[in-house]
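# Examination of the molecular architecture
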Amino acid sequence: MDIMTLKRRLEKSDKKYLWHPFTQMKDWQKETPVIVSEGRGSFLKDITGRWYLDGVSSLWVTVHGHRKKEIDDAIKGQIDKISHCTLLGLTHSPAIELAEKLIKIVNSEPQPPKLSRVFYSDNGSTATEIGLKMAFQYWQLTGAKSKKKFLSLNNAYHGDTIGAVSAGGIDIFHEIFSPLLFKTYKAPSPYCYRCELGKKYPSCKLSCLNTVENIMKKHHKEIAALIIEPLVQGAGGMIVSPHGYLKGVRRLCNKYNILMIADEVATGFGRTGRMFACEHEDVVPDILCVAKGITGGYLPLAATITTEEIYKAFLGEYKDLKTFFHGHTYTGNPLACAAAIANLELFKKDKTLRKMQKKIEILKKGLSRIAELPNVGDIRQKGFMVGIELVKDRKTKAQYPLEEKIGWRVCCKAREKGLLIRPLGNVIVLMPPLSISVSELKMLIQITEWTIKEVMGKF
Ligand SMILES: *Cc1c(COP(=O)(O)O)cnc(C)c1O
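This write-up is about the structure you can find in this document. (Residues numbered from 1 in each chain as written. Predicted model: local features only at pLDDT ≥ 70, side-chain atom pairs only at ≥ 80, totals over all residues. Heavy atoms only, no water.)

## Here we look at the layout of surface pockets
Here is the rule we go by: Using a 1 Å grid laid over the protein atoms alone, points where a 1.4 Å probe fits but cannot get out form a cavity; open sets with protein on both sides within 12 Å along at least 5 of 7 lines form a pocket; any residue with an atom within 4 Å of a point counts as lining. Grid points are joined across faces, edges and corners, and a volume is the space filled by probe spheres set on the points. To qualify as a helix, a DSSP run of H or I must reach at least 4 residues; to qualify as a strand, a run of E must reach at least 2; elements of each kind are numbered from the N terminus.
What the second largest pocket holds in volume is close to 820 Å³. Contributing to the lining of the second largest pocket are 28 residues, with L87, V118, F119, Y120 and Y311 lying nearest its centre. Broken down by secondary-structure element, the contributors of at least two residues to the lining of the second largest pocket are α5 (93-106), β4 (115-121) and α11 (308-313).

Right, here's the structure in full:
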């Protein structure tokens, strides 16, 4: 069968049988999808042989590039031993070895080691859901039984299961489900460009932290934990918090005896230029949730990592039922753990974080050019996490209405030019693999600039 016939056949079957995530399928029916057949480094190839730059790391997961030999080999090697083994009542060496490695890297200098226990699951939503349940049960077991609620942030995203959605703060995703959700206290989003308190940084002196404190002061007896995406609220629009905010949150959690859950599902494993975003402000959470980049973008795996203090509260006689009754069938899958071990080793071998620093500066410089364009309202960057917020009017910050689908239009145009990116509403997201080369990075910036100019010229 020739390629175009095969492509048409696949496209027809896709549209007949598949239901894509976060996708209006009515629109999808009209689209010509890219059918990916291969990947290499920072690029993806479609079935017709055309290559595209993977500008969002296959939705924020790819670390060292596609088809990275060391990770490929680790998975192949593990396949020849065993592909799955449960962690319920059994254990295996990839899960053990990875846990040991994770504990080493999550306890960065100069902080004394505090995080000591790894609880596996298989995606970001379950990692945060586990964090919430762990925090809840911890207080039930230690006698503070009134601590049953959570504090989270507007514009937060912690995943799509009911608990994770309850802690989330993106109305367009969550509103329909509100009758199913448990109530959480909500603090303002540290979104300086559209400050909820109507203030300006830095003259505000981080007054959004005062709001957090007021909620805590009033309700700390009921609040089990605060959950936060450290430094960058990802799905909420790549909202970068001002310096000192995260540290302030940690200080308030200590002051009011509230556990801090750091959702580093997106920011973890080098995304922000450090191994974990919390390191930028010397913060150690009580519970750390990781997923996306953990396997280098190869296989589903997640971990919820906590302290010995929390872990110990769950110890008791079998009949006491202090056990953490939670677990997923594919928890700690050996293939995924093997990929994750290879991923972590590559950070050292390839000096990934060190090599990134120069590229972060190049990206920053390129973005400052894009910031000059007439319909670019705000550009936010932390390491390799970038949000370009498009606005109808720079002066008033007026937003494009949903029906103009402006972000989507820009991404469609970018695709014609060989770049695959995916927007968050009116925010164009750039999230290249950490291994991207300087010339590929310049190509990413250039195509983004041309595309925004071209699409905006038409509005
Ligand atoms: C993607 C994401 C999640 C959810 O992860 P899934 O693997 O998609 O369930 C949770 N929190 C943050 C911060 C994320 O970016």
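## What about helix α9 (residues 207-219)?
The cut-off we apply is this: A helix is expected to span 1.5 Å for every residue after the first. Residue contacts are counted whenever heavy atoms from the two residues lie within 4.5 Å of one another.
In a regular helix each residue adds 1.5 Å, so 13 residues correspond to 18 Å; α9 covers 19 Å between its end C-alpha atoms and thus fits that length. The inward-facing, buried residues of α9 contact β5 (149-153), β6 (185-187), β7 (223-228) and α10 (245-255).

## Looking at the side chain of S207
Selection rule: Summary of the burial criterion: residues with accessible area below 20% of their type's maximum are buried, those above 50% are exposed, and those between are partly exposed, where the area comes from a 1.4 Å probe applied to protein chains only.
Position of S207 among the secondary structure elements: in helix α9. By relative accessible area, S207 is classed as buried at 9%. Those residues within four positions of S207 in sequence are excluded, and the remaining contacts are L197 and K199.

## Some thoughts on the site of the ligand
Stated formally: Residue proximity to a molecule or strand is established when one non-hydrogen atom of the residue lies within 4 Å of it. Residues adjacent in sequence count toward polar contacts only when both atoms are side-chain atoms; beyond that, a polar contact is any pair of N or O atoms within 3.5 Å, and within protein one must be able to donate a hydrogen and the other to accept it. Surface exposure here means Shrake-Rupley accessible area, sampled with a 1.4 Å probe, where a residue is shielded only by the protein chains that are shown. Residue polarity follows a fixed list, in which Ala, Val, Leu, Ile, Met, Phe, Trp, Tyr, Cys and Pro are nonpolar, Asp, Glu, Lys and Arg are charged, and the others, Gly among them, are polar.
In the vicinity of the ligand, the contacting residues are W60, N123, G124, S125, Y157, H158, G159, E229, D263, V265, A266 and K292. Between the ligand and S125, the relevant distance is 2.5 Å, taken from an oxygen atom to a side-chain nitrogen or oxygen of the residue. Between K292 and the ligand, the recorded distance is 2.6 Å, taken from a side-chain N or O atom to an oxygen atom. For the ligand, whose unbound accessible area comes to 380 Å², protein coverage reaches 83%. Within the shell around the ligand, the residues separate by chemical class into 4 nonpolar, 5 polar and 3 charged.

## Remarks on the pattern of salt bridges
What counts is decided by this rule: When a carboxyl oxygen of Asp or Glu lies within 4 Å of a side-chain nitrogen of Lys or Arg, that pair is called a salt bridge.
Per the stated rule, a full pass over the model turns up 27 salt bridges. Between E345 and K101 there is a salt bridge whose closest N-O contact spans 3.4 Å. Residue E345 is located in helix α12 (residues 334-349), and its partner K101 is located in helix α5; the two are separated by 244 residues in the primary sequence. Note on E345: relative accessible area 39%, which makes it partly exposed. Assessed through its relative accessible area of 24%, K101 is described here as partly exposed. Of the charged contacts in the structure, one is a salt bridge between K255 and E213, with a shortest N-O distance of 2.8 Å. Remark: E213 occurs in helix α9 and K255 occurs in helix α10; sequence separation between them is 42 residues. The exposure class of K255 is exposed, given its relative accessible area of 53%. You can call E213 buried: its relative accessible area is 15%.

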